Amino acid sequence: MENTKQVKLILEDGTEIEGTSFGAFTSVAGEVVFSTAMTGYPENLTDPSFAGQILVLTYPMVGNYGVPGEELYESISKIFESDKIHIAGLVVNYYSEEHSHWNAAKSLGDWLAEYNIPGIFGVDTRMLTKKLREKGAMLGKIVAGEDIELHDPNQDNLVAQVSQPEVQHYGSGQHKIVLVDCGTKTNIIRCFLERDVELIRVPWDYDFTKIDYDGLFLSNGPGDPKMCEATIGHLQTALQQDKPIFGICLGNQLMSLAAGADTFKLKYGHRSHNQPVLLTGTKRSFITSQNHGFAVDTATLPAEWTMLFENLNDGTCEGIKHKTKPFFSTQFHPEAAGGPEDTEYLFDDFLTAVADYKNR
Amino acid sequence: MNKPNKVLILGSGALKIGEAGEFDYSGSQALKALKEEGIRTILINPNIATVQTSDNIADDVYFLPVTPFFVEEVIKKEQPDGILVAFGGQTALNCAVALYRGGVFEKYGVKVLGTPVQSIIDTEDRDIFKDKLDQIGVFTARSVAVTTMEDALAAGEKIGFPIIVRAAFALGGLGSGFANNMDELRTLAQKSFTTSDQILVEESLKGWKEVEYEVVRDQYDNCITVCNMENFDPIGIHTGESIVVAPSQTLSNREYHKLRSIGIKTIRHLGIVGECNIQYALDPVSEDYRVIEVNARLSRSSALASKATGYPLAFVAAKLSLGYSLSELKNSVTQTTSAFFEPALDYVVVKLPRWDLGKFEGVNRQIGSAMKSVGEVMAIGKSFEEAIQKGLRMLDTGKRGFVANKPETVDTTTIDQLLSEPNEERIFAINLAFEAGYTLDQVHELTKIDHWFLQRLSTIFRLGNQLAEGRANGLDGLETSLLREVKKAGFSDQQIAVKLLGEGDAMHGTKADELLVRARRKALGVLPVIKQIDTLAAEFPAKTNYLYSTYHGTENDLEPETDKSVVVLGSGVYRIGSSVEFDWCGVNAVQTAAEEGYKTIIINYNPETVSTDYDVSDRLYFEELSFERVMDILDFEQPEGVILSTGGQIPNNLATRLAEAKAPILGTAPARIDEAENRHKFSSIMDELGIAQPRWKELTSLEAMNEFVREVGFPVLIRPSYVLSGAAMNVVSNNFELEAFLQTAVEVSSEYPVVVSEFIQEAKEIELDAVADHGEIVSYAISEHVEFAGVHSGDATMYYPPQRVYVGTIRKLKIIAEKIAKRYEISGPLNIQFLEKNGEIRVIECNIRASRSYPFVSKVSGNNLIKKATQVLLGKKVERDESERVYDLPFVGVKAPQFSFTRLPGADPVLRVDMVSTGEVGCLGDTAEEALLKSMLSVGYKIPQKSVLISGGPIISKVALLAPAALLIKKGYTVYATQGTHRFFAENGIPSSLLFWPDELQEPNVLTYLKEKKIDLVINIPKNLSKGELDNDYKIRRTAVDFGVGLLTNARLAKAFIQAFCSLEMKDLKIKSWNEYKAM
């Protein structure tokens, strides 16, 4: 290939991997994590939960269908999961320079360059994944020309960086839902708007207990949940009431922390579209989309809470619910995008709880 | 859970186009799953060459036809409490539907496990299927199911052209096709109605993407999609005829999950329990879709998906049918995670079909909505380029990959045609188009293949040019970075050699150059790495032994095997002449090696096999059986030995080169193998040993030929060396045919000379399969052909033990075999073919490897020849066994060929020296007649009800058919005859009714009678021995096949069949298991 530039991926354990640059030719540091999802890079890369992370894709050929053009749904993106790329860098085996898809507007490389995000290809991503699996997620950097320092994004308040600073209103349905934006994926908003909801999106540290609503939703988001002290504080107030609460991903962790349970960092997290979960106490299982590095420590759940879902691979907590009140949350992403849509019914369950609450 | 105690499993019978080795895999897995549960298993499958019909897999095996009559008889006798019908392809499914409708399961209290039969009917009956999907708002193609021609034409009017016609209840798209106008619709509909009472006329979605999902559901309504697959060839080409990639490459997340969700919704609604396949058409310019069909059973695609992902679909489906939930079952690859999960792939898989259309005279070479391919390969890589080039080589059609093949000069008109009318060679035509300067858009316009695939192919094309251009210094000028890049794009060392150094000399130039490239590459440190297939993209550690090699990597996933190990080379792609029988041989070799304390390593790339199952060997390399790749693996693993004599001709052909590279080949020395394979050397050695053979001569010129023919007389047999299944072999009866044939034969083999030999008519053909140890025969089996020599041994019907061979003859054969074994210092398997006429014995050929008949004779005789051969290969001292008992067997086995002519429009359905059968069965009986009749019924013949047509051919066969005709008359059959035969019969006092030849255009005409189904069986003996007579006889044969009338073209076989059905009725055929025969 002509005009190729070599770049390096360097890990905190000293591993150095050479590869070829695509996207922006620039250096970046972050936490190196892997995802085994086979499709959905436009969705993944714009997922705010990936903020600060250098993402390794195990699927070997990436960029095949290009990147779609921007379209709006209400005032949010119709296609992407936020209004920009959130990953710090991208690592792949094979980059499909030429792409083909009816709704592609540009190549993956051009899109990355637009947001000044570096990519590296020609990397043995399986070798890298095994290293991350064995040693745990590591800090790392993509070095393009100029070297930079390693940086741990988990030390930053990433939620504060990705949460929208203004209160925003969407839709005009009959159920008034407050969405606490810790870095929400837009498909969560779409899922609500398809369901007769008036949505009030508030910043992560906004005191929503002061406003009128029928149900509370806690979004996904990046980083260590314990950073979100303000959200946890407001949530503790909400837990005193009986209005339905539903949380996803970081929302699940915040719900747990507010309830008095603890969270911990997983060795290398769950980032894929094929995580199997069991509805605790039944034979019903679902395939879910996941993206998280922290998890709820089930052993620390207070007596009035119980496990709702568990992971069939490693037994970790995939959701909790209150034994008597309409509070529940999932570690996985019922809104999918990307990934399987098997658990989208949970939005209906939540809104049923909201309706029940209003009718009681 | 209420588990059954005794379960009956239906197999799929003989391998045929549309139904091949994949059902040996699925049935074997199901049997293992049930065995693990302590359930007693009964298998009905006449396919004696399969692994599933081996000892210790099912508790009892019935080598009987999978038809309602026989299955009911077995149920009556065995009284099973459950039955599995989803593991034997369409054959088993159709049989089960018939039994269900006949109330047989209810009558005997047999529970159908897994998907209910009603759900199967819902998916098979087009009308019901469409209604069911309408109920849940899932789109299907606009279509009308019709049962009459009038309705078919009316439907065509309503939907508008182009239109696709499909037959309901048909395997592999049989009776399907496209119609662009009313006339085409009429022709197509007429043909489809011969295979099915109901046909479907529907909107054509030509050019849409074709996508499939494998869906698994348990009885608790948990549902997953194990794999999705995208066809490289858009809709219009049957998925069995398409190049297929897994997972999909050009679908966005939205498209992928939209189709996935629809699949799950549909499968839940249909109530399937176990495994199924759902096929979609996806609009290439929107998210619009249609569901094409659901296969409520294990299928070719599910076997592929299983091999592609490492997820044991058939095994899991069998467990689910017992009532397990998915989450209760373990992922047997990781041993720790649950079976309720969807594999994540970190590689790409490409499946390519293999056709053998060149073997059929008159066949239509286009491919389309009906299956014609006879096998498939699966290639794994980290890029599409790497995988497709591997795959193109795996097909074993002489191609080196996508580029660097033997140059062809083709004009643009031909290229356009090859691109726009799909055919076997289309992918190579894409390269020709690139060479001719076509743009990607132009190729896309002609093929409708997605740009992404074409971009990848054009990358290969570009890299090939980069290698070729401006490299004066040849190999020395090749920079490491480019070398690495072309290896990542799947270039073989040979391709690199050709691009860099040219085609080489006439004889072995390319191969020598390949070695130079290999040496240079190794010196530069450009080596492949070994990666594992673990179902979860390395997310968790997995104990997987499922491996492939790639140049996209810097680290091997595992260390070489440290215990003493042996590598067994598999059989590669199934084609006419080599299929499941060699998989049986390979699996048995591996099992024996394991018993002898070796770690076993298999190299094979055929997804339809049991040898590529994750639990057969200690390590499985899903890789090319090429010199380069086998050496890569041997270099890495350093095994004690490599076995290449149990996989048929593909591994056998590697013997010399592997030996030159000092590979530790077990058994007979490769130099000896060459002396047997090379016809010239072989014949000289036979002369030296004083063993008679048909007179022969090497062809160098036409004059020399003519001289030889003057000496021995016509007919003569012509064939090239290194012959497999008689490729390019033919009998010619006169000078005209001789010249015509030579022109094509020389094309087929430029590296080896063509040999011509006298053709002895009316000679008996006898085969000996044996095992020798250091030149001493330690076990053997002799079988006899029903047909006289002249029918390829793969197409012949065989008795074991022999029925009409003198003891004296047997003794002579044995002495000859012993001489040969000694001269060639054979250690391991061998096969010798003999001719016997008037007590004189001649040797036709000798293969120093396992042969097609190994499973048949091993199973019938009870002496497992492969087991013994493997022990010899591993150096174990073996005892000479009691093969002499050959005549003492209290029962008889008959092996019969399965033909797939119905699937090959236009092909002349006739038996000759060139093999054309696609599979075989082997049945047992107390008498030769009983075994023969069971086998014939197993390959689709029916006992005629009322009438038989005899068109007796040359006088010699007319005479042979006199007695059988008399027998038919005596049994009350009406005998129809064409003119010559009618006259001859009349002269000999046998009354027959005259039917006119097709070209006599006069009634009563043969063709009319065939079309009106007034004839139950056709006996048509060709008038001469050559290919290419597409005349009256051809028309009779072809019409018989097209209208589903039984056809026999060999007088000896016809006689044996007539004698059998005239002396036995269905009720006389004993329902006896293999164990019962063994106990006799």
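An unreviewed UniProt entry annotates chain B as carbamoyl-phosphate synthase (ammonia) originating from Hymenobacter negativus.

Within an unreviewed UniProt entry, the label attached to chain A reads Carbamoyl phosphate synthase small chain, and the organism entered is Hymenobacter negativus. We quote the UniProt Subunit (unreviewed entry) comment for chain A here in full: "Composed of two chains; the small (or glutamine) chain promotes the hydrolysis of glutamine to ammonia, which is used by the large (or ammonia) chain to synthesize carbamoyl phosphate. Tetramer of heterodimers (alpha,beta)4."

Novice: Could you give me a rundown of the sheet that holds strand β32 (residues 892-898) of chain B, with the residues and numbers involved?
Specialist: By way of backbone hydrogen bonds, the strands of a sheet pair with one another, either parallel or antiparallel. All names here are of chain B. Judged by pairing direction, the sheet is antiparallel, and its seven strands sit side by side in the order β31-β30-β27-β28-β29-β32-β33 without closing on themselves. Across the chains shown, the open sheet's two edge strands, defined by having one partner strand only, are β31 (840-847) and β33 (919-925). In this sheet, neighbouring strand axes are inclined to one another by 25° on average, regardless of whether the strands run parallel or antiparallel. By the bridge criterion, seven bridges tie strand β30 (residues 828-837) to β31 in an arrangement that is antiparallel. In the sheet register, Q833 faces β31, and the bridge partner there is E845. In this fold helix α30 (residues 865-873) packs onto β27 (764-773), β28 (776-788) and β30, with an angle of close to 40° to the strand it touches most, β27.

Novice: Just give me the short version of the packing of aromatic side chains, but keep the residues and values in it.
Specialist: Evaluation of the coordinates by the stated rule reveals 42 aromatic pairs over all chains. Geometrically, the ring pair formed by F217 of chain A and F347 of chain A is stacked, given 6.5 Å between the ring centres and 25° between the ring planes. With F217 of chain A in strand β17 (residues 215-218) and F347 of chain A in helix α8 (residues 345-359), this residue pair connects regions lying 130 residues apart in the sequence. Summarising the burial analysis for this pair, F217 of chain A and F347 of chain A share the class buried. Relative to Y256 of chain B, the ring of Y213 of chain B has its centre 5.7 Å away and its plane inclined at 70°; by these criteria the two rings are edge-to-face. Of this pair, Y213 of chain B sits in strand β10 (residues 209-217) while Y256 of chain B sits in helix α9 (residues 253-270), and the two are 43 residues apart along the sequence.

Novice: Describe the sheet that holds strand β6 (residues 143-146) of chain B, and please don't skip the residues or the numbers.
Specialist: Residues and elements named next belong to chain B. The strand order across the open sheet built from four strands is β6-β9-β7-β8, with neighbouring strands paired in antiparallel fashion. Both edges of this open sheet fall to β6 and β8 (177-179), since each of them pairs with a single strand only. Ignoring which end each strand starts from, the neighbouring axes of this sheet average 25° apart. Two strands pair when backbone bridges link them, and β6 and strand β9 (residues 199-203) are joined in this way by four bridges, in the antiparallel orientation. Within β9, the residue paired with A145 across the bridge is L200.

Novice: Can you break down the confidence of the model for chain B residue by residue, with the values?
Specialist: In regions of low pLDDT, the predicted coordinates are not meant to be interpreted in detail. All names here are of chain B. Residues of chain B with pLDDT of at least 70 account for 95%, and the chain-wide mean is 92. Here residues 723-727 scores under 50 on pLDDT; set against residues more than four positions off or in separate chains, the count is 17 contacts. Ignoring residues within four places in sequence, the model shows residues 746-750, a span with pLDDT below 50, making two contacts including any to other chains. With a pTM of 0.94, the predicted complex shows an ipTM of 0.96.

Novice: Describe the UniProt feature "domain: Carbamoyl-phosphate synthase small subunit N-terminal" (unreviewed entry) in chain A, and please don't skip the residues or the numbers.
Specialist: According to UniProt, the feature "domain: Carbamoyl-phosphate synthase small subunit N-terminal" (unreviewed entry) maps to residues 5-143 of chain A in the numbering used here. A helix fraction of 17% and a strand fraction of 38% characterise residues 5-143 of chain A, whose end C-alpha atoms lie 11 Å from each other.

Novice: Residue-level account of the UniProt feature "binding site: L-glutamine" (unreviewed entry) in chain A, with values.
Specialist: All names here are of chain A. Using the residue numbers shown here, the UniProt feature "binding site: L-glutamine" (unreviewed entry) corresponds to S49, G221, G223, L250, Q253, N291, G293 and F294. Considering the C-alpha atoms alone, the annotated residues occupy 246 residues of sequence yet fold into one spot, their largest mutual distance being 13.2 Å. By the element assignment, G223 lies in the loop between β17 and α6 (229-240). Residues within four places of G223 in sequence aside, it is in contact with N154, L158, L250 and F294. Residue placement: G293 occurs in strand β20 (residues 285-297). Among all residues touching G293, those that are not within four sequence positions of it are F264, K265, L266, G269 and R271.

The rules we used
Residues numbered from 1 in each chain as written. Chains lettered and ligands numbered in written order. Predicted model: local features only at pLDDT ≥ 70, side-chain atom pairs only at ≥ 80, totals over all residues. Heavy atoms only, no water. UniProt positions renumbered as here; feature names shortened; annotations may be inferred. Pairing = 2+ DSSP bridges. Helix = DSSP H or I, 4+ residues; strand = E, 2+ residues; numbered from the N terminus. Axes fitted to C-alpha atoms, helices over the stretch in contact; angles between N-to-C directions. Contact = heavy atoms within 4.5 Å. Phe/Tyr/Trp six-rings, centres within 6.5 Å; stacked < 30°, edge-to-face > 60°. Buried < 20%, exposed > 50% of the residue type's maximum accessible area, 1.4 Å probe, protein only. pLDDT = per-residue confidence, 0-100.

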